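Below are the chains, spelled out letter by letter.
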Amino acid sequence: MTGRFITPLDRYIAGEFTRIFGVTIMGFPVLVFVIDLVDNLRKYQEKHLTAKALALSYLYWIPDTLFMILPAAVLFSTVFSIGTFTRYSEITAAKASGISFYRFITPILVMALFAMGLDLVFSEVAPPANAERLKLLAGTQTGTDDDRYNFAFASEQGRTYRIYSLNVKGKQVSNIEIEERAGPKKPGLLIAAQQGDWNQKTGWRLKQGTLHVLPNETADLAFTFDSLSDRRLRETPQELRASEREPSEMRFAELTRFIKVLERSGAEVNTLKVERMLKIAIPVTCLIIALFGAPLATSSQRGGAAYGIAVSLATTVFFLVLIQLTKAIGGKGLMPPEMAAWIPNLLVGTFAIILMARVRT
């Protein structure tokens with residue numbers, strides 16, 4: 001049954017694409033790492049990074065690098081494989097046998113879909129690896145990254161936490177104040193504690209503090225306590241530290257929660273919303289860029305490999321510029337940030353449709 005759908009020609013086309021794709025995804029990261037090393041070698045020496053730490057930082061950088069370069073790898077593989085088929089008249093022979101250009105490139109589109117799924121995986125694998133890389137490049141694996149001082153945090157329930165110090169690794173806070181404003185049918189609350197400890201099962205336990213119940217603007221009922229479990233204090237130490245993390249360190253769901261926290265605090269989050277949507281838009285680019293590159297590569301018969309390299313590099317640079325433009329437009333609120341993240345795909349996709357319509361099938 002499978003043989004009716006997967007022909008020897010399909011396997012040949014997919015094999016040619018995979019060969020170029022494999023070389024590209026192995027070569028591109030090396031090129032990126034060499035450029036980064038040349039640009040930042042002095043900075044790394046000033047931080048006294050060991051060769052082992054530097055090598056490990058590049059190892060952690062692989063998922064994020066692959067996440068960004070997979071669309072370019074798909075483009076290179078599409079342009080070079082189609083260009084080869086064109087130069088050796090294999091596409092012409094296929095058309096003479098009754099195989100349309102659209103059917104001919106189907107294996108390439110299937111491989112592009114596979115690359116898209118792989119890129120979605122890298123978008124989730126890369127953030128924790130990026131966090132470890134940033135620790136290494138900071139010159140420590142346990143430094144100030146685990147601490148946060150003198151900050152406020154707005155919870156999902158509308159409460160405000162003011163915390164003097166947070167130790168993420170030790171799962172502790174000191175000098176914490178929790179304020180909950182009064183509502184039409186509930187009094188206001190103010191909890192002040194000297195210390196708090198986090199347990200995965202029981203949550204936060206506050207110690208040595210005072211609970212103030214504020215039924216109105218003038219009344220204040222105060223109760224001291226040695227230990228208090230506040231079930232509405234649900235945020236983990238990692239979530240309380242959220243505002244000190246970079247978007248590249250957070251998965252899609254984590255970044256979504258982070259954005260909600262900042263929105264409740266009144267912070268500007270448009271750029272973060274663009275970053276979040278790019279975690280989906282960039283993998284989808286793998287398919288769109290294949291649709292763009294396939295018809296474009298059919299005109300490479302005279303230009304040969306030089307034409308393929310020029311087209312691929314120019315398109316890659318153009319796409320990277322569009323991503324930066326996307327962040328600027330969405331970040332400044334000139335259009336909805338989620339829509340702005342799709343601008344590169346919309347533009348490239350429009351060109352792809354035009355080129356596909358003009359191909360002689």
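Above this text you will find the structure in question.
> Please explain the overall build of the protein as it appears in this structure.
Within the protein, the regular secondary structure consists of twelve helices and six strands. What you see for the protein is a C-alpha radius of gyration of 27 Å, clearly larger than the 21 Å of a compact globule of 361 residues, by over 25%. In terms of overall dimensions, the protein has C-alpha extents of about 90 × 50 × 45 Å along its principal axes. Here the protein holds 361 residues, and the buried ones make up 44% of them. Considering only contacts in the protein between residues 6 or more positions apart, those separated by 24 or more positions represent 64%. By element, 61% of the accessible surface of the protein is carried by carbon and sulfur atoms, the whole surface being about 19500 Å².

> Sorry, what's going on with the pairing of strand β4 (residues 188-199) here?
Walk down a regular strand and you will see the side chains alternate between the two sheet faces. As paired strands, strand β3 (residues 172-180) and β4 are joined by eight bridges and run antiparallel to one another. Among the inter-strand pairings, Val173 is bridged to a residue of β4, identified as Gly196. Pairing analysis gives eleven bridges linking β4 to strand β5 (residues 203-214), with the strands arranged antiparallel. Of the residues in β5, the one forming a bridge with Leu190 is His212. Following β4, the chain reverses through three residues before pairing antiparallel with β5.

> For this particular structure, what's the right way to read the pattern of salt bridges?
Close approach of charged atoms allows side chains with opposite charge to pair. For the coordinates displayed, the defined rule picks out nine salt bridges. With its nearest N and O atoms 2.7 Å apart, the salt bridge here joins Asp197 to Lys207. Separated by ten residues along the polypeptide, Asp197 in strand β4 and Lys207 in strand β5 bring together distant segments of the chain. Given the relative accessible area of 18%, Asp197 is considered buried. Residue classification places Lys207 among the partly exposed residues on the basis of a relative accessible area of 31%. One network of salt bridges, in which partners are shared, links Arg162, Glu177 and Glu179.

> What is the right way to look at the packing of aromatic side chains in this model?
Within a pair of aromatic rings, the relevant descriptors are the distance that separates the centres and the angle that separates the planes. Within this structure, the stated rule accounts for ten aromatic pairs. Between Phe28 and Phe76, the aromatic rings sit 5.3 Å apart at their centres with planes inclined by 85 degrees, giving edge-to-face as the arrangement. Note that Phe28 is positioned in helix α2 (residues 8-46) and Phe76 in helix α3 (residues 51-87), a separation of 48 residues in sequence. Pairing Phe85 with Phe104 gives two aromatic rings, centres 5.5 Å apart and planes at 85 degrees, and the pair type is edge-to-face.

> Whenever I open this one, the environment of Gln200 confuses me. Can you help?
Take Gln200: it is sitting in the loop between β4 and β5. A residue is classified by how much of its surface remains accessible, and Gln200, at 65% relative accessible area, is exposed. Counting along the chain gives 62 residues from Gln200 to Leu262, while the straight-line C-alpha distance between them is 24 Å.

> Help me out: how do you make sense of the side chain of Asp119 in this one?
Structurally, Asp119 is set in helix α6 (residues 106-137). Although buried, Asp119 forms no salt bridge, and the nearest oppositely charged side chain, Lys279, lies 11 Å from it. Residues within four places of Asp119 in sequence aside, it is in contact with Leu66, Phe67, Leu70, Pro71, Ile282, Pro283 and Cys286.

> Please clarify how the layout of surface pockets should be interpreted in this entry.
Where empty space is left in the structure can be found by rolling a water-sized probe over the atoms. By volume, the largest pocket is sized at about 880 Å³. Mapped onto the lining of the largest pocket, the elements with two or more residues apiece are α2, α3, α6, α9 (270-297) and α10 (304-331). Residue contributions to the lining of the largest pocket peak at nine residues, all from α10. Split by residue class, the lining of the largest pocket holds 22 nonpolar, seven polar and four charged.

> Please clarify how α9 should be interpreted in this entry.
An α-helical turn contains 3.6 residues, so any two residues separated by three or four positions project in the same direction. Of all the bends in α9, the greatest measures close to 40 degrees and is centred on Leu278. α9 sits mainly inside the fold: 22 of its 28 residues count as buried.

> Sorry, what's going on with the packing of α2 against α6 here?
The angle between the axes and the distance between the axes are what describe a pair of packed helices. Between α2 and α6, the shortest axis-to-axis distance is 12 Å and the interhelical angle comes to 20 degrees. Compared by their axis directions, α2 and α6 come out roughly parallel. For α2 against α6, the interelement crossing comes out right-handed. From α2, Asp10, Ile13, Ala14, Phe17, Thr18, Phe21, Asp36 and Tyr44 reach across to α6, where they touch Pro107, Ile108, Met111, Ala115, Arg133 and Leu137. Per-class residue counts for the contact of α2 with α6 are ten nonpolar, one polar and three charged.

> Got a minute to help me understand the nonpolar core in this structure?
What tends to happen in soluble globular proteins is that the nonpolar side chains get buried as a cluster. If you look at the biggest cluster of nonpolar residues, it comprises 46 residues, and the most contacted ones within it are Val74, Ile82 and Phe104. The dominant element in this core, judged by the number of residues it contributes, is α9, at 13 residues. Setting aside residues no more than four positions away along its own chain, Val74 makes contact with Phe17, Phe21, Ala112, Ala115, Cys286, Ile289 and Ala290. Among the nonpolar cores identified, the runner-up in size contains 18 residues, and Val168, Val173, Ile176 and Val261 belong to it.

> Can you walk me through unusual backbone geometry in this structure?
For residues that are not glycine, phi is negative in most cases, and the peptide bond is trans in most cases. Its identity as a non-glycine residue notwithstanding, Lys171 has a phi of 55 degrees, on the positive side. Structurally, the position occupied by Lys171 is in the loop between β2 (160-167) and β3.

So, how was this worked out
Residues numbered from 1 in each chain as written. Predicted model: local features only at pLDDT ≥ 70, side-chain atom pairs only at ≥ 80, totals over all residues. Heavy atoms only, no water. Helix = DSSP H or I, 4+ residues; strand = E, 2+ residues; numbered from the N terminus. Rg over C-alpha atoms; globule rule 2.2 N^0.38 Å. Buried < 20%, exposed > 50% of the residue type's maximum accessible area, 1.4 Å probe, protein only. Contact = heavy atoms within 4.5 Å. Areas by Shrake-Rupley, 256 points an atom, 1.4 Å probe, with all protein chains shown as cover. Pairing = 2+ DSSP bridges. Salt bridge = Lys/Arg side-chain N within 4 Å of Asp/Glu carboxyl O. Phe/Tyr/Trp six-rings, centres within 6.5 Å; stacked < 30°, edge-to-face > 60°. Lys, Arg positive; Asp, Glu negative; His and termini not counted. 1 Å grid on protein atoms, 1.4 Å probe; cavity = no way out; pocket = protein on both sides within 12 Å on 5 of 7 lines; lining within 4 Å. Points joined across faces, edges and corners; volume = space filled by probe spheres on them. Nonpolar A, V, L, I, M, F, W, Y, C, P; charged D, E, K, R; others polar. Bend = angle between axes of the 7 residues up to and from the residue. Axes fitted to C-alpha atoms, helices over the stretch in contact; angles between N-to-C directions. Parallel < 35°, antiparallel > 145°, perpendicular 65-115°, else oblique. Left-handed = near helix turned anticlockwise from the far one by under 90°. Core = buried A, V, L, I, M, F, W, Y, C linked by side-chain atoms within 4.5 Å.

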